[in-house]
Amino acid sequence: MGSNEGKHNLIIVSNRLPLSIKRVDGTYESSISSGGLVTALSGLTKSTQFRWLGWPGIEVKSNKDREEVSRTLNEHDATPIFLDSGLAHEHYNMFANRILWPILHYQSGVVFDDGPWQAYRRVNELFAAAIAEAAETGTLIWVHDYHLMLLPELLRNRLYEKNKHCAIGFSLHTPFPAGDFWRNLPVRKHLLEGLLSSDLIGFHTDEYKQNFQDTCAKIPNQIRYKNRLVCVGKFIVGIDPQKFAHTLQNPDVQDRIRSLEERYKDVKVIVGVDRLDHIKGLTQKLKGFDSFLEDYPELRDKIILIQVAVPSREDVKEYQELETELSTLAGKINGKYATPDGTPLLYMHRSVPFTELTALYSVADVCLLTSTRDGMNLVSFEFVACQEKRQGVLVLSEFAGAASFMREGSISFHPANTTEMSEALYAALKLDPDERRRKYEYLRDFVNTHTSAKWGQTFIEKLSQRCRQPGKAC
Ligand code: ADQ
């Protein structure tokens with residue numbers, strides 16, 4: 001997980017390791033998995049060395065197999081924390097993704113259940129034990145995301161027992177909701193107390209940071225919590241734009257771009273790439289697109305929406321239902337507007353290779369992202385990184401974290417308002433070339449300045465200051 005230049009002794013912790021383990025012909029093989037967290041941290045690997053601890057994603061029962069998996073992962077500086085599949089399911093699918101994730105994204109109707117909560121606690125305890133074992137005094141421990149909110153407190157206690165002094169940082173990749181919404185969660189106080197044992201807590205935007213601070217104000221001594229100072233900050237996550245620039249130079253990708261350009265030479269391409277998740281507003285996107293086709297019949301055969309919906313959390317019932325709803329909606333739209341010359345919507349429910357993704361971003365004239373809530377949304381960054389030639393337009397929901405930084409360079413809209421979405425799409429397709437260039441340049445500068453490497457280095461630098469001077473004001 002990185003070069004040898006790193007000067008910090010750093011442990012990164014996330015629920016899932018960035019490598020997926022599979023059993024092939026009696027042996028274990030690993031491959032890189034996808035998602036926002038892996039994208040964000042992969043930019044850091046060039047400059048900083050670290051060990052990554054987390055769950056390998058499958059149950060491994062026998063000691064012999066566990067040793068083999070550990071060896072395979074060790075070659076990539078990763079250490080597995082093994083979990084039984086039942087416990088992992090209760091923690092990951094039933095509490096983290098079914099209860100906590102919706103509350104963090106302002107979704108109502110969430111039903112609390114004690115069984116999954118106990119599993120969540122147990123997994124956080126198992127993580128604390130494994131990390132306390134792996135850390136040495138002076139190690140910086142950087143914990144990621146909502147699956148592990150209790151971990152800072154449990155870990156601090158374990159480290160204390162072992163007389164190890166380490167700084168603990170925590171980054172949340174989702175929004176942190178306003179206090180009134182957060183109150184819906186009966187175990188909210190435990191989660192806040194868990195987080196407040198960190199030395200430094202990072203959020204993607206000022207709004208999330210403020211919501212967290214406002215919520216903590218309701219807990220006494222929030223700044224000096226249990227006699228320790230907790231720092232809170234905004235750290236703008238990003239991507240590695242150079243990775244996209246290099247991929248675009250690849251001759252196979254260039255061939256692919258030419259063939260897609262030829263294929264779509266008579267139409268404007270609107271692209272959408274999202275994990276298949278309620279928060280990405282895919283239902284709203286298809287409904288808004290339907291309105292657009294209704295409102296502007298003259299454009300029906302002059303555009304195509306290519307929507308990649310990457311399968312996600314397929315073991316959770318609500319996600320299966322969402323997929324059914326989306327394929328039905330996609331079928332209805334094409335049923336309504338298709339002609340013998342073509343269809344206005346191409347809906348793909350599968351993952352696509354990175355090179356194909358890059359080519360797709362590059363040939364699109366517009367990128368449409370409709371998140372109802374989204375910590376940041378890195379797809380918006382990736383689209384910009386691939387648009388040097390075309391200088392296309394980003395149409396971005398006002399509820400994506402990225403909108404707090406990109407409003408000036410994009411066209412923003414409310415995702416539940418189909419008329420607004422339809423007008424935003426129309427405005428993007430008709431945008432005057434000078435204005436398009438101005439917006440593109442604004443976004444390009446933002447994406448090139450706020451890279452994932454900068455995000456990681458800034459967080460680690462601040463965490464290492466906390467380690468050296470824990471009592472110093474933030
Ligand atoms: P995600 O919800 O996963 O991340 P996002 O930030 O949009 O969402 O990142 C998705 C990533 O997956 C992108 O880097 C994209 O390229 C990659 N991806 C998509 N389709 C793919 C495919 N078919 N094959 C391979 N890779 C693919 C969470 C939060 C976000 C926050 C990030 C980072 O929900 O709000 O921005 O973490 O903090």
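Keep in mind the model is a prediction, meaning the values are calculated, not measured.

### A closer look at the site of the ligand
Turning to step 1, where the next piece is worked out: Around the ligand sit 24 residues, and of these S34, G36, G375, M376 and L378 come closest.
Turning to step 2, where the next piece is worked out: Going through the elements one at a time, α1 (36-42), β12 (268-275), α13 (354-363) and α14 (379-385) are the ones with two or more residues in the shell around the ligand.
Turning to step 3, where the next piece is worked out: In terms of residue count, α1 provides more of the shell around the ligand than any other element does, four residues in total.
Turning to step 4, where the next piece is worked out: A class-by-class count of the residues in the shell around the ligand yields eleven nonpolar, ten polar and three charged.
Turning to step 5, where the next piece is worked out: Each of two domains, domain 1 (10-237 + 453-468) and domain 2 (241-449), supplies a minimum of three residues to the shell around the ligand.

### Focus on the packing of helix α3 (residues 85-104) against helix α4 (residues 114-134)
Turning to step 1, where the next piece is worked out: Close contact between α3 and α4 brings their axes to 8 Å; oriented N to C, the two are set at 115 degrees. The orientation of α3 relative to α4 falls into the category roughly perpendicular. Here the hand of the crossing between α3 and α4 comes out left-handed. Contacts between α3 and α4 involve L87, E90, H91, M94, F95, A96 and I99 from the first element and G115, P116, W117, A119, Y120, R122 and V123 from the second.
Turning to step 2, where the next piece is worked out: In the contact of α3 with α4, the residues fall into ten nonpolar, two polar and two charged.

### Focus on the sheet that holds strand β6 (residues 140-144)
Turning to step 1, where the next piece is worked out: A sheet is described by the order of its strands in space; here seven strands give the open sequence β5-β4-β1-β6-β7-β8-β11, paired in parallel fashion. Taken across any chain shown, the strands that pair with only one partner, and hence form the sheet edges, are β5 (78-80) and β11 (231-234). In this sheet, neighbouring strand axes are inclined to one another by 20 degrees on average, regardless of whether the strands run parallel or antiparallel.
Turning to step 2, where the next piece is worked out: Sheet topology places strand β7 (residues 167-171) next to strand β8 (residues 200-203); three bridges connect them, and they run parallel. Opposite S171, over in β8, you have G202 as the bridge partner.
Turning to step 3, where the next piece is worked out: Lying over the sheet, helix α8 (residues 206-216) contacts β8 and β11, oriented at roughly 155 degrees with respect to β11.

### Concerning the pairing of strand β3 (residues 27-32)
The side chains of a regular strand alternate, residue by residue, between the two faces of the sheet.
Turning to step 1, where the next piece is worked out: Of all six residues in β3, zero are buried; the element is thus mostly exposed.
Turning to step 2, where the next piece is worked out: Relative to β3, strand β2 (residues 19-24) runs antiparallel, the two sharing six bridges. Within β3, the position partnered with L19 by the bridge is I32.
Turning to step 3, where the next piece is worked out: What sits between the antiparallel neighbours β2 and β3 is a turn of two residues, in which D25 has the positive phi angle 50 degrees.

### Re α3
Turning to step 1, where the next piece is worked out: The first and last C-alpha atoms of α3 sit only 25 Å apart over 20 residues, clearly below the 28 Å expected at 1.5 Å per residue.
Turning to step 2, where the next piece is worked out: A bend of about 45 degrees at A96 is the largest found in α3.
Turning to step 3, where the next piece is worked out: Within the span of α3, buried status applies to E90, H91, Y92, F95, A96, N97, R98, I99, L100, W101, I103 and L104.

### Notes on α13
Turn by turn, an α-helix covers 3.6 residues, leaving residues three or four places apart pointing in a common direction.
Turning to step 1, where the next piece is worked out: Of all ten residues in α13, seven are buried; the element is thus mostly enclosed.
Turning to step 2, where the next piece is worked out: All of the buried residues in α13 are L357, T358, A359, L360, Y361, S362 and V363.
Turning to step 3, where the next piece is worked out: On its buried side, α13 packs onto α9 (241-249), α10 (251-263), β12, β13 (303-310) and α14.

### Regarding the confidence of the model for the protein chain
Turning to step 1, where the next piece is worked out: With 97% of its residues at a pLDDT of 70 or more, the protein chain shows a mean pLDDT of 94.
Turning to step 2, where the next piece is worked out: Per-residue pLDDT stays below 50 along residues 2-6; that stretch engages in 13 contacts with residues further than four places along the chain or on separate chains.
Turning to step 3, where the next piece is worked out: For this predicted complex, the interface confidence comes out at an ipTM of 0.94, alongside a pTM of 0.92.

### Let's talk about unusual backbone geometry
Turning to step 1, where the next piece is worked out: Positive phi is not limited to glycine here, since D145 has a value of about 80 degrees.
Turning to step 2, where the next piece is worked out: Structurally, D145 is set in the loop between β6 and α5 (151-161).
Turning to step 3, where the next piece is worked out: When the 21 C-beta atoms within 10 Å are taken as the criterion, D145 is described as buried.
Turning to step 4, where the next piece is worked out: Phi is positive for Q391, which is not a glycine, with a value near 55 degrees.
Turning to step 5, where the next piece is worked out: On the secondary structure map, Q391 appears in the loop between α14 and β16 (393-397).

### Re the domain arrangement of the protein chain
Turning to step 1, where the next piece is worked out: Per the domain assignment, the segments making up the protein chain are domain 1 (10-237 + 453-468) and domain 2 (241-449).
Turning to step 2, where the next piece is worked out: Between the C-alpha centres of domain 1 and domain 2 the distance comes to 30 Å.
Turning to step 3, where the next piece is worked out: When contributions to the side of domain 1 that touches domain 2 are tallied by element, the ones reaching two or more residues are α1 and α3.
Turning to step 4, where the next piece is worked out: Among the residues making up the side of domain 1 that touches domain 2, the classes are represented as five nonpolar, eleven polar and two charged.

The rules behind each value
- Residues numbered from 1 in each chain as written.
- Predicted model: local features only at pLDDT ≥ 70, side-chain atom pairs only at ≥ 80, totals over all residues.
- Near = placed C-beta within 6 Å.
- Helix = DSSP H or I, 4+ residues; strand = E, 2+ residues; numbered from the N terminus.
- Nonpolar A, V, L, I, M, F, W, Y, C, P; charged D, E, K, R; others polar.
- Domains from an automatic or database assignment.
- Axes fitted to C-alpha atoms, helices over the stretch in contact; angles between N-to-C directions.
- Parallel < 35°, antiparallel > 145°, perpendicular 65-115°, else oblique.
- Left-handed = near helix turned anticlockwise from the far one by under 90°.
- Contact = placed C-beta atoms within 7 Å.
- Pairing = 2+ DSSP bridges.
- Buried ≥ 20, exposed ≤ 12 C-beta atoms within 10 Å, placed from the backbone.
- Expected span 1.5 Å × (residues − 1).
- Bend = angle between axes of the 7 residues up to and from the residue.
- pLDDT = per-residue confidence, 0-100.

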